[in-house]
Amino acid sequence: EITGKLLRHPSLPKSLPRRRRRKLLPQQNLPQRKWLTIAREPTVVRWALHIALSVGTLLIAINHGDALLHGDLGVPRLAKMALTVLVPYCVSTFSSVSVLRELRHAEGRRG
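This structure is a prediction, so every number in the text was calculated from the model and none was measured.

About the cut-offs
Residues numbered from 1 in each chain as written. Predicted model: local features only at pLDDT ≥ 70, side-chain atom pairs only at ≥ 80, totals over all residues. Heavy atoms only, no water. Salt bridge = Lys/Arg side-chain N within 4 Å of Asp/Glu carboxyl O. Helix = DSSP H or I, 4+ residues; strand = E, 2+ residues; numbered from the N terminus. Axes fitted to C-alpha atoms, helices over the stretch in contact; angles between N-to-C directions. Parallel < 35°, antiparallel > 145°, perpendicular 65-115°, else oblique. Left-handed = near helix turned anticlockwise from the far one by under 90°. Nonpolar A, V, L, I, M, F, W, Y, C, P; charged D, E, K, R; others polar.

This model, assessed by the stated rule, comprises 2 salt bridges. Among the salt bridges present, the one from Glu-41 reaches Arg-104, with a minimum N-O distance of 3.0 Å. In this pair, Glu-41 sits in the loop between α3 (35–39) and α4 (42–70) while Arg-104 sits in helix α5 (residues 75–110), placing the two residues 63 residues apart along the sequence.

In structure tokens:
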């Protein structure tokens, strides 16, 4: 693991706790935050939920509107409707995390 190697760097005193050694390392040398950590950030989750509910609702109305009007709501159709909302959530999360990682990486190169 890169972080472990950096924390064992000879220029850092071994008597310091890991947290303190991590703070002493230059920021650009630390590995980027994990994908899931960024995906769980409140702003990313809120935006993905907003997109999923708006796009998912529209897609459900288009793809399953007739079944909704006729009350044809079995388990398979409800599962398809759940996936119809889940897909925009995943796409929004993936794109948000990709952009945030790229922006943070660019800031690290400039900083």
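Axis separation between α4 and α5 bottoms out at 8 Å; the angle between their running directions is 150°. Between α4 and α5, the interaxial angle falls into the category roughly antiparallel. When the axes of α4 and α5 are compared, the crossing they make is right-handed. Grouping the constituent residues of the contact of α4 with α5 by class yields 18 nonpolar, 6 polar and 2 charged.

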